[in-house]
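# Fold and contact review
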Amino acid sequence: MCRWAAYVGAPIFLEEIVSRPGHSLIHQSHCATQCHTAINADGFGVAWYGERAEPGLYRDVMPAWSDPNLKSLTAQVKSGLFLAHVRASTGTATSRNNCHPFTVGRWSFMHNGQLGGYEAFRRDADMMIRDDLYPHRKGATDSEALFLIALAEGLEDDPQGALERAAARLIALAREKGTTPHLRLTAALSDGERLHAVRYATDDHAPTLYHRWSDRRQGRAVVSEPLEQDEGDWIEVPAGSFCTFEGAEVRLRAFHPCPLRLAA
């Protein structure tokens, strides 16, 4: 299982989330505490928004803790909205194209979780990606497929509904051709203006997800694991939730990837 962290608010240096806290994302890449695998060494990535609509993107296959370029970049780049991810593969190759976040246009997306038995229906999942979006299919992960299917389902206008419909389609495939767990999902996605996050599972083991507002930073961190052990005000996102973070505002709604809501 992977670990990730996102931020929205007043611009800060990326290092304030990625590398400086006591349990920063880089620390979690080799000392994660709230997942089955403490080591997340199958690559990393950062997507950040700045002066342009489309995000900047830096990804590599090295473990996050061993890349001096990552530490240098996060110490110099400031952003008011960014996503960062360290990867533990659930079966696909360790390659730059399989590292999160994934981006298309102004949208960015990253995921922690799995589709059970994905190798058995990977071709079927690829067939769900719309023709005009398929050129963006650079890697082989279930996460990238979910993102591209959600874009086809209307992510631009209805982020929650699009992700529910995409998840429902892949859950149906996992039930038909895969294995349990059919879907475990915590994901962050953004259009550069708002940060969205979801926590969901078809079983009782949804991956962990927390958020916290910082008066000092004037921003909110959304994370797989709290960044400091002495901060007791981290709020756990309930399983089965879709969240939207905009400024200091938090909107939380139930997440239901029901097949009855599939687009015609």
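Below or above, wherever it landed, is the structure these notes cover. As the structure is a computational prediction, the values presented were derived from the model and not from experiment.

### Focus: the sheet that holds strand S8 (residues 195-201)
Within the open sheet, the 6 strands sit side by side as S5-S6-S7-S8-S12-S13. Their pairing is antiparallel. Edge positions in the open sheet fall to strand S5 (102-104) and strand S13 (249-254), since each of these has one partner strand only. With strand direction ignored, the average angle separating the axes of adjacent strands in the sheet is 15 degrees. Where S5 meets strand S6 (residues 107-114), 3 bridges bridge the pair, whose relative direction is antiparallel. For Thr-103, the partnering residue across the bridge sits in S6 and is Ser-108.

### Here's the deal with the pairing of strand S2 (residues 44-48)
Within S2, 5 of the 5 residues are buried, which leaves the element mostly enclosed by the surrounding structure. Here S2 shows two buried faces, one formed by Phe-44, Val-46 and Trp-48 and the other by Gly-45 and Ala-47. Both S2 and strand S3 (residues 56-60) contribute to a ladder of 5 bridges, which runs antiparallel. Paired with Gly-45 across the two strands is Arg-59, which belongs to S3. Examined bridge by bridge, S2 and strand S4 (residues 78-86) share 5 bridges and lie antiparallel to one another. Paired with Gly-45 across the strands is His-85, a residue of S4.

### Some remarks on the packing of aromatic side chains
Summed over all chains, the structure comprises 6 aromatic pairs. Through a chain of ring-to-ring contacts, the aromatic side chains of Tyr-200, Phe-242 and Phe-255 assemble into a single cluster. Cation over ring: Lys-78 sits above Phe-13, and NZ or CZ is 5.0 Å from the ring centre. Between Arg-212 and the ring centre of Trp-234, over which it is positioned, the NZ or CZ distance is 6.0 Å.

### A word on empty space enclosed by the protein
Scanning the entire structure with this criterion turns up 1 cavity of 30 Å³ or more. As a volume, the largest cavity reaches approximately 40 Å³. Lining the largest cavity are Val-18, Leu-25, Ile-26, Phe-44, Gly-45, Val-46, Ala-64, Leu-70, Ala-84, His-85 and Val-86. Every element with two or more residues in the lining of the largest cavity is listed here: helix H2 (25-31), S2 and S4. Taken together, the residues of the lining of the largest cavity sort by class into 9 nonpolar, 2 polar and no charged.

### Quick notes on the environment of Leu-209
Structurally, Leu-209 can be placed in the loop between S8 and strand S9 (210-214). Between the alpha carbons of Leu-209 and Val-223 there is a distance of 5.8 Å; along the sequence they are 14 residues apart. With sequence-adjacent residues up to four places away left out, Leu-209 is seen in contact with Trp-4, Thr-186, Ala-197, Val-198, Arg-199, Val-222, Val-223, Ser-224, Ile-235, Glu-236 and Val-237.

### Side note on the sheet that holds S2
An order of S3-S2-S4-S1-S10-S9-S11 is seen for the 7 strands of this open sheet, with the pairing classed as antiparallel. Strands at the two margins of the open sheet, each flanked by one partner only, are S3 and strand S11 (235-236). Note that S9 and S11 share 2 bridges and pair antiparallel. Across the sheet, residue His-211 finds its bridge partner in S11, namely Ile-235.

Criteria and cut-off values
Residues numbered from 1 in each chain as written. Predicted model: local features only at pLDDT ≥ 70, side-chain atom pairs only at ≥ 80, totals over all residues. Heavy atoms only, no water. Pairing = 2+ DSSP bridges. Helix = DSSP H or I, 4+ residues; strand = E, 2+ residues; numbered from the N terminus. Axes fitted to C-alpha atoms, helices over the stretch in contact; angles between N-to-C directions. Buried < 20%, exposed > 50% of the residue type's maximum accessible area, 1.4 Å probe, protein only. Phe/Tyr/Trp six-rings, centres within 6.5 Å; stacked < 30°, edge-to-face > 60°. Lys NZ or Arg CZ within 6 Å of the ring centre and 35° of its normal. 1 Å grid on protein atoms, 1.4 Å probe; cavity = no way out; pocket = protein on both sides within 12 Å on 5 of 7 lines; lining within 4 Å. Points joined across faces, edges and corners; volume = space filled by probe spheres on them. Nonpolar A, V, L, I, M, F, W, Y, C, P; charged D, E, K, R; others polar. Contact = heavy atoms within 4.5 Å.

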